[in-house]
Amino acid sequence: MSWLDANRDYVLDMLLQHVRLSVPAIVISVLVAVVLGRVAWRWPRAGTVVLGSASLLYSVPALPLLIVIPVLLGIPLRSGLTLVVALAVYGTALLAGTAADAFGSVDARVREAAEAMGYSRAGLLWKVDLPLAVPVLLSGIRVVTVSTVSLVTIGALVGIPSLGNLLTDGFQRDIRAEIVTGVLGTMLLAVTLDALLVALGRVVTPWRAATPAGGAS
Amino acid sequence: MNLFGDALAWITDGAHWGGPGGIDHRVVQHLLVTFAAVALAAVLALPLGILIGHTGRGRLVVVALAGAVRAVPTLGLLTLLGLALGIGIQAPLIALVALAFPSLLAGAYAGIEAADRGAVDAARAVGMSEWQLVTRVEIPLGADVILGGIRAATLQVVATATLAAYISDTGLGRYLFSGLKSRQYDQMLAGALLVAALALVLDLTMAALQRASRPTTRKVPS
Amino acid sequence: MTRTPLRSRQLGLALVAAAALSLTACGSDDPLSSGDGGKGGDKIVIGSQDYYSNEIIAEAYAQALEAADIEVERDFRIGQREAYLPGIEDGSIDLFPEYTGPLLQVWQPDTTARLADDVYDELEDAADDKGLEVLDQSPATDQDSYVVTAAFAEKYDLATIEDLAKVTEKLTFGANSEAESRPNGPKGLKDTYGVDVAFTPIEDSGGPLTVKALKDGSIQLAIIYTGDPSIKKNDLVTLEDTKGLFLASHVVPVASDDLSDKAKGIINKVSAAMSPEDLVDLDARSVDEELPAATIAKDWLQKEGLL
């Protein structure tokens, strides 16, 4: 514990950086994946192409991606943006399929009833499809959140600060307490964000008694 | 000079094939590590997931546990294991097993739970034992989803198996690290392309397997 | 994603391939060139490697400058050389503690300089070509060295690298992966000393895993920095480099032209005050007492009367 006591500010600073990197990446992933999922659900033929390419991106190892993204976008390697883009790519790849499934999970009879009641196309999306897709969507978002928070740590390898720095520094100096702090801090952040998502899910889907926990990714 | 052209040239250069550090050798190593990790994780995760799916018990605990495992940064796990076990393939292998575990577990219990309840009840009504129920009805019906979990786990592991090269002379990750550290980006990108290609081949194979498992499910009346 | 047909996946691959090809048309020379040259305005941006010893030196620079009311911005722990060197070269980092030999080898891979002053002279020219300046080199050194365990050294009566030829068992050498292709790696051992070694990568820059592997006997030979307190702590033996495989490696500040003469003078004083023993002590405090770099640097500056 003495290490943590002496380095409290540093750890908190890194935790803050970690949040700053992971939250935007998660939000972008969700937005892009929902749009892609909607497209894939609406036009299945184009959708399979989109989803196929997305899942392929997931197989690209993270480290080279961090080097290639700055070339593609013309941003500095050590910019946090590089990591956010890389994580958003992975998050989208992970979530797009689930998002399509989520729209598919909406009962067609409910949709027909809503149409009969005179909902416009936009109304159908915002008031029927999206809310009803939330439970399945949320299970995917939870997976993306947890894996994104964990992946942020690799930024330490290319000089983008996060709790990952505790891992590389603790490793070099052989301070196990520092490595363990990095690992536990990352897990704690992931679990906290996950719990917030579950709570959010309860708020936006009051008609459900309980939210499902995690699905097959 | 362009990066991708150089990377492709690096791959097609005959000098980088054959011998102990050759591309062919590293691809085989990479595949072996991937298979070993997924197989070990499957031995642990699939029976557990099937048990949970079948009994419906312990779901919350195990799901929370799997979520926590998913949150463990692989880099941190690898360094801690490395300090405990020393260099070589053991530490990366265990880290990769931990990586594959949650997807396999989720696939297994979701697959069993997704098995058509009508079919399960019917099978129970005709006097099948619990064991027969699991092996003859639930697993065949859930095979598609279970294989989906294996497929997702394999994709994750094949990309992350590059970390094995952090502390052992194994796999395609060697090209990534030595390319990155010596600023030979053609080599680094070549490594990345090879991993992505390997992932694609594996994924197509698993997709074919998954499709092959489907006709069985269609024969069962629902 | 379980229902994606095969054909569309192939189409997906084709799309990715097409994107990759279109990229080849507009690929830039240096993937790591950073775009924000000259950030930070008047402040002096000080960088450091993702290496605790280097961070302590950078912290000493920062505190010494702050004591003279010069505004600094700390941009520490930015990876290894491949990550931060572009930032130095394009001027977004103004001051960085470097090491003469390894830096010269990046800028001039074919250099034949080995002795401290020769290396420094060539480095001055190389820096000049990049529009940069190296300030005075410090007496402190942190240099790659070949080490073995004391038991192993005793068994074969080893004192120099040359003595490795006497070893009758298979020698495995463990180091960062880039060592495999560097002139002082396995190739150098073979060409300069006639010693054959197998290679295994351990990406911790001679850190705890490397030491553990040496003690386990998974490897017999490793590269560890001479400034690393683990050499003493673990009773390791540094083999003397009689034929100049390694370049002399003194701590040296690399500076952009944003640095005033006053600032340069302060940094030169810091460099002059740091002895090789000081550096080992500073590292030892970091590893053993687990103190933050700022505390260690402050204590040392005060002891030297620089604060």
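For clarity, every value in this text was computed on a predicted model and none was experimentally measured.

Peer 1: An account of the overall build of chain C is requested, with residue identities and associated values reported.
Peer 2: Across its full length, chain C holds 12 helices and 10 strands. Scored against the burial criterion, the 307 residues of chain C give a buried share of 56%. Within chain C, counting contacts between residues at least 6 apart in sequence, those at least 24 apart form 73% of the total. Here chain C displays about 12,500 Å² of accessible surface, and carbon together with sulfur accounts for 48% of that area.

Peer 1: An account of the interface of chain A and chain B is requested, with residue identities and associated values reported.
Peer 2: Counting residues at the interface gives 32 residues for chain A and 40 residues for chain B. Interface area lost by chain A to chain B is led by S59, P61 and F171 of chain A, which between them contribute 17%. On inspection of chain A and its partner chain B, the count reaches 0 residue pairs in polar contact (both at pLDDT 80 or more). Mapped by element, the contributors of at least two residues to the side of chain A that touches chain B are α3 (44-57), α4 (62-73), α7 (121-151), α8 (164-173) and α9 (176-204) of chain A. With 7 residues, the top contributor of residues to the side of chain A that touches chain B is α9 of chain A. Tallied by class, residues from the side of chain A that touches chain B come to 21 nonpolar, 9 polar and 2 charged.

Peer 1: Break down a negative patch on the surface for me, citing the residues and quoting the values.
Peer 2: Residues and elements named next belong to chain C. A surface patch of like charges, here negative, comprises D117, D118, D121, E124, D125, D128, D129 and D136. With respect to the secondary-structure elements, D118 resides in helix α5 (residues 116-129). Residue D118 is classed as partly exposed on the basis of its relative accessible area of 39%.

Peer 1: Would you mind going over the UniProt feature "domain: ABC transmembrane type-1" (unreviewed entry) in chain B in detail, with residue names and values included?
Peer 2: Here, the residues flagged by UniProt with the feature "domain: ABC transmembrane type-1" (unreviewed entry) are residues 27-206 of chain B. With 83% helix and 0% strand, residues 27-206 of chain B has end C-alpha atoms that lie 18 Å from one another.

Peer 1: Which residues make up empty space enclosed by the protein, and what values do they have?
Peer 2: Considering all chains together, one arrives at 2 cavities of 30 Å³ or more under this definition. Volume-wise, the largest cavity comes out at about 600 Å³. Along the wall of the largest cavity there are 35 residues; nearest its centre are A62 and L151 of chain A together with T74, L99 and T160 of chain B. Residue assignment for the lining of the largest cavity shows that the elements contributing at least two residues are α4, α5 (80-104) and α7 of chain A together with α3 (59-71), α4 (74-85), α5 (90-114), α7 (130-160) and α8 (173-181) of chain B. Tallying contributions element by element places α7 of chain A first for the lining of the largest cavity, with 5 residues. Of the residues belonging to the lining of the largest cavity, the class tally is 25 nonpolar, 9 polar and 1 charged.

Peer 1: Summarise the domain arrangement of chain C; cite the residues concerned and give the values.
Peer 2: Residues and elements named next belong to chain C. For chain C, the assigned domains are domain 1 (44-141 + 248-303) and domain 2 (146-238). Averaged C-alpha coordinates put domain 1 and domain 2 at centres separated by 27 Å. Each partner contributes to the roughly 730 Å² buried at the junction of domain 1 and domain 2, and carbon and sulfur atoms together form 49% of this total. Of all residues in domain 1, the largest losses of buried area upon contact with domain 2 belong to Y51, Q105 and V280, amounting jointly to 44% of the total for that side. Run the count over domain 1 and domain 2 and you get 1 salt bridge. Residue K233 pairs with D288 through a salt bridge whose shortest N-O separation is 3.1 Å. Put simply, domain 1 and domain 2 have 1 residue pair in polar contact (both at pLDDT 80 or more) between them. Examining the composition of the side of domain 1 that touches domain 2, we find that 5 residues originate from one element, helix α11 (residues 276-288), more than from any other.

Peer 1: Got a sec to walk through the confidence of the model for chain C? Specific residues and values, please.
Peer 2: Within chain C, residue pLDDT values average 85, and 87% of them lie at 70 or more. Ignoring residues within four places in sequence, the model shows residues 1-40 of chain C, a span with pLDDT below 50, making 77 contacts including any to other chains.

Peer 1: Talk me through helix α2 (residues 52-67) of chain C; I want residue IDs and the actual numbers.
Peer 2: The terminal C-alpha atoms of α2 of chain C, which comprises 16 residues, lie 22 Å apart, in line with the 22 Å expected from a rise of 1.5 Å per residue. Just downstream of α2 of chain C, D69 of chain C is the residue with a positive phi angle, here 60 degrees.

Peer 1: How would you summarise the UniProt feature "transmembrane region" (unreviewed entry) in chain B if you had to cite specific residues and measurements?
Peer 2: Residues and elements named next belong to chain B. Per the UniProt entry, the sites bearing "transmembrane region" (unreviewed entry) are residues 31-53, 60-87, 93-112, 145-168 and 188-209 in this numbering. Helix makes up 100% of residues 93-112 and strand 0%, with an end-to-end C-alpha separation of 28 Å. The span residues 188-209 carries 100% helix and 0% strand; its end-to-end C-alpha distance comes to 32 Å.

Peer 1: I'd like to hear about the packing of aromatic side chains, residue by residue, with values.
Peer 2: Aromatic ring pairs are reported here in terms of the distance separating the ring centres and the angle at which the planes meet. Inspection of the entire model under this criterion finds 11 aromatic pairs over all chains. Judged by centre distance (5.3 Å) and plane angle (70 degrees), the ring pair of Y51 of chain C and Y52 of chain C falls under edge-to-face. Accessibility expressed as a relative area gives 9% for Y51 of chain C, which makes it buried. The ring of F103 of chain A has R38 of chain A sitting right over it, with the charged end atom 5.0 Å from the ring centre. Sitting over the ring of W43 of chain A, R42 of chain A keeps its end group 5.6 Å from the ring centre.

Peer 1: Describe the pairing of strand β1 (residues 44-47) of chain C, and please don't skip the residues or the numbers.
Peer 2: The side chains of a regular strand alternate between both faces of the sheet. The two faces of β1 of chain C match: I44 and I46 of chain C on one face and V45 and G47 of chain C on the other face are all buried. For the crossover that starts at β1 of chain C, traverses α2 of chain C and ends in the parallel strand β2 (residues 72-75) of chain C, the hand is right-handed.

Peer 1: Go over a nonpolar patch on the surface, please, and point to the residues and values.
Peer 2: All names here are of chain A. Together, V19, V23, V27, I28, L31 and V32 give the surface a local cluster of nonpolar side chains, amounting to about 430 Å² of exposed area. Assignment of secondary structure puts L31 in helix α2 (residues 8-42). A relative accessible area of 56% places L31 in the exposed class.

Peer 1: Lay out the environment of A153 of chain B in plain terms, naming residues and giving numbers.
Peer 2: All names here are of chain B. With respect to the element layout, A153 can be found in helix α7. For A153 and P140, which are 13 residues apart along the polypeptide, the C-alpha to C-alpha distance reads 20 Å. Setting aside residues up to four positions removed in sequence, A153 forms contacts with A100, S103 and L104.

Peer 1: Account for the UniProt feature "domain: ABC-type glycine betaine transport system substrate-binding" (unreviewed entry) in chain C, naming residues and giving values.
Peer 2: Cross-referencing UniProt, the feature "domain: ABC-type glycine betaine transport system substrate-binding" (unreviewed entry) maps to residues 42-303 of chain C in the present numbering. Taken end to end, residues 42-303 of chain C has its terminal C-alpha atoms 30 Å apart, with 43% of it in helix and 16% in strand.

Peer 1: Account for the packing of α11 of chain C against helix α12 (residues 293-303) of chain C, with residues named and values stated.
Peer 2: Residues and elements named next belong to chain C. Two elements in contact, α11 and α12, have axes whose closest approach is 10 Å; the angle formed by their N-to-C orientations is 145 degrees. When the axes of α11 and α12 are compared, the crossing they make is right-handed. Contacts between α11 and α12 pair D278, L282, R285 and S286 from the former with I296, D299, W300 and K303 from the latter. Here the contact of α11 with α12 is built from residues that sort into 3 nonpolar, 1 polar and 4 charged.

Peer 1: Now, about the environment of A33 of chain A: what can you tell me, with residues and values included?
Peer 2: All names here are of chain A. Among the secondary structure elements, A33 is positioned in helix α2. Remark: the alpha-carbon pair of A33 and A93, spanning 60 residues in sequence, is separated by 7.6 Å. The residues touching A33, leaving out its near neighbours within four places in the chain, are T92, L95, A96 and A99.

Peer 1: Can you explain the pattern of salt bridges? Please cite residues and give values.
Peer 2: With the rule as written, the count across this model stands at 32 salt bridges over all chains. Between E180 of chain C and R174 of chain B there is a salt bridge, and its shortest N-O distance comes to 2.8 Å. One end of the pair, E180 of chain C, is in the loop between β6 (172-175) and α7 (186-193); the other, R174 of chain B, is in helix α8, on a second chain. For E180 of chain C, a relative accessible area of 35% puts it in the partly exposed group. Residue class for R174 of chain B comes out buried when judged on its relative accessible area of 3%. Each of D169 and R173 of chain A together with D50, E55 and R77 of chain C takes part in salt bridges that share partners, so that together they form one network.

Criteria and thresholds
- Residues numbered from 1 in each chain as written.
- Chains lettered and ligands numbered in written order.
- Predicted model: local features only at pLDDT ≥ 70, side-chain atom pairs only at ≥ 80, totals over all residues.
- Heavy atoms only, no water.
- Helix = DSSP H or I, 4+ residues; strand = E, 2+ residues; numbered from the N terminus.
- Buried < 20%, exposed > 50% of the residue type's maximum accessible area, 1.4 Å probe, protein only.
- Contact = heavy atoms within 4.5 Å.
- Areas by Shrake-Rupley, 256 points an atom, 1.4 Å probe, with all protein chains shown as cover.
- Buried area = accessible area lost by both parts, 1.4 Å probe.
- Polar contact = N/O pair within 3.5 Å; in protein donor to acceptor, adjacent residues only side chain to side chain.
- Nonpolar A, V, L, I, M, F, W, Y, C, P; charged D, E, K, R; others polar.
- Patch = residues over 30% accessible without salt bridge, like charges linked within 9 Å, V, L, I, M, F, W, Y side chains within 5 Å.
- Salt bridge = Lys/Arg side-chain N within 4 Å of Asp/Glu carboxyl O.
- Lys, Arg positive; Asp, Glu negative; His and termini not counted.
- Charge placed at Lys NZ, Arg CZ, Asp CG, Glu CD.
- UniProt positions renumbered as here; feature names shortened; annotations may be inferred.
- 1 Å grid on protein atoms, 1.4 Å probe; cavity = no way out; pocket = protein on both sides within 12 Å on 5 of 7 lines; lining within 4 Å.
- Points joined across faces, edges and corners; volume = space filled by probe spheres on them.
- Domains from an automatic or database assignment.
- pLDDT = per-residue confidence, 0-100.
- Expected span 1.5 Å × (residues − 1).
- Phe/Tyr/Trp six-rings, centres within 6.5 Å; stacked < 30°, edge-to-face > 60°.
- Lys NZ or Arg CZ within 6 Å of the ring centre and 35° of its normal.
- Right-handed = clockwise from strand over helix to strand, strands pointing away.
- Axes fitted to C-alpha atoms, helices over the stretch in contact; angles between N-to-C directions.
- Left-handed = near helix turned anticlockwise from the far one by under 90°.

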